[in-house]
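Understanding the architecture of this molecule
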Amino acid sequence: MSIHENLLGGPSPTHLPDDPEPRELLASGAAPAEVAAKYPSSSLAWAQLADEAFEGGRVVESYAYARTGYHRGLDALRRSGWKGHGPVPFEHEPNRGFLRALHALARAAQAIGEQEEYERCSTFLRDSSPTAANTLG
């Protein structure tokens, strides 16, 4: 038996590759729109744009930013071997952009009355990372 074998029988956790440049730019105060333009595959940049728009009362704009970050994250997950289900640990920092975008999409969907999308995204978030669901709200 391998030391890394999944004894629970489910899929192994997916860990996205690290992409530190956008994260470091955002942490240093760069505008999320500039980071998203320079690194359009960064779910984290799109998630921050979604958060800013939501906080500014621009819910439809938040929804669009979150959906972009979510789809960019799905692309990255698939490239990393994800098969459509299984853990995406919040504890692995490169996964946080996708998980934040998924949370932002659920939040914006609820705000515009798209209940089915809200429920789907909320369930997906909990199933992917209970830690993310608890941390992000």
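None of the values given here were measured: they were computed from a predicted structure.

Let us look at the overall build of the protein chain. On a plain count of helices and strands, the protein chain comes out with seven helices and zero strands. Secondary structure elements of the protein chain, listed N to C terminal, follow the sequence α-α-α-α-α-α-α. Taking 2.2 N^0.38 as the reference for a compact globule, 137 residues should give roughly 14 Å; the C-alpha atoms of the protein chain span a radius of gyration of 15 Å, in line with that estimate. When its C-alpha atoms are laid out on the principal axes, the protein chain stretches across 50 × 35 × 25 Å. Looking at the protein chain residue by residue over its 137 residues, the buried ones come to 39%. Counting every atom, the protein chain has about 7,600 Å² of accessible surface; 52% of that belongs to carbon and sulfur.

What follows concerns the environment of A47. Of note, A47 is situated in helix α3 (residues 43–55). A relative accessible area of 0% means that A47 is categorised as buried. The spacing of A47 and G97 is 50 residues in sequence and 6.4 Å in space, taken between C-alpha atoms. Apart from the residues within four sequence positions on either side, A47 is in contact with G97, R100 and A101.

Side chains bearing opposite charge may pair, as long as their charged atoms lie close to each other. Throughout the structure, instances matching the rule amount to eight salt bridges. Close ionic contact of R120 with E117 constitutes a salt bridge, the shortest N to O distance being 3.0 Å. Of the two residues, R120 and E117 are both situated in helix α6 (residues 115–128); the distance of three residues between them amounts to about one turn of the helix. By relative accessible area, E117 is classed as buried at 9%. Beyond isolated ion pairs, a larger network of salt bridges with shared partners links D18, R23 and E93.

Along the chain, the position of A36 falls in helix α2 (residues 32–38). The class of A36 is buried, set by a relative accessible area of 4%. For the pair formed by A36 and A66, sequence separation is 30 residues and the distance between their alpha carbons is 12 Å.

To continue, consider the packing of α3 against helix α4 (residues 59–79). Contact geometry for α3 and α4: axes closest at 8 Å, N-to-C directions at 165 degrees. Classified by the angle between their axes, α3 and α4 sit roughly antiparallel to one another. Considering the relative orientation of α3 and α4, their crossing is left-handed. Here S43, W46, L49, A50, A53 and F54 of α3 lie close against α4, whose contacting residues are V59, E61, S62, Y65, A66, T68, G69, R72 and G73. Across the contact of α3 with α4, the residue classes break down as eight nonpolar, five polar and two charged.

Further remarks concern the packing of aromatic side chains. A full pass over the atoms with the stated rule returns five aromatic pairs. An angle of 25 degrees between the planes, with centres 6.1 Å apart, marks the rings of Y70 and F98 as stacked. Taken together, the residues span a long stretch of sequence, with Y70 in helix α4 and F98 in helix α5 (residues 96–111) at a distance of 28 residues. Judged by relative accessible area, Y70 falls into the buried class, the value being 5%. What links up through ring pairs into an aromatic cluster is the set Y70, W82, F98 and F124. One residue, R107, lies across the ring of F54, its end atom 4.3 Å from the ring centre.

What counts as what
- Residues numbered from 1 in each chain as written.
- Predicted model: local features only at pLDDT ≥ 70, side-chain atom pairs only at ≥ 80, totals over all residues.
- Heavy atoms only, no water.
- Helix = DSSP H or I, 4+ residues; strand = E, 2+ residues; numbered from the N terminus.
- Rg over C-alpha atoms; globule rule 2.2 N^0.38 Å.
- Buried < 20%, exposed > 50% of the residue type's maximum accessible area, 1.4 Å probe, protein only.
- Areas by Shrake-Rupley, 256 points an atom, 1.4 Å probe, with all protein chains shown as cover.
- Contact = heavy atoms within 4.5 Å.
- Salt bridge = Lys/Arg side-chain N within 4 Å of Asp/Glu carboxyl O.
- Axes fitted to C-alpha atoms, helices over the stretch in contact; angles between N-to-C directions.
- Parallel < 35°, antiparallel > 145°, perpendicular 65-115°, else oblique.
- Left-handed = near helix turned anticlockwise from the far one by under 90°.
- Nonpolar A, V, L, I, M, F, W, Y, C, P; charged D, E, K, R; others polar.
- Phe/Tyr/Trp six-rings, centres within 6.5 Å; stacked < 30°, edge-to-face > 60°.
- Lys NZ or Arg CZ within 6 Å of the ring centre and 35° of its normal.

In short, geometric facts, not functional conclusions.
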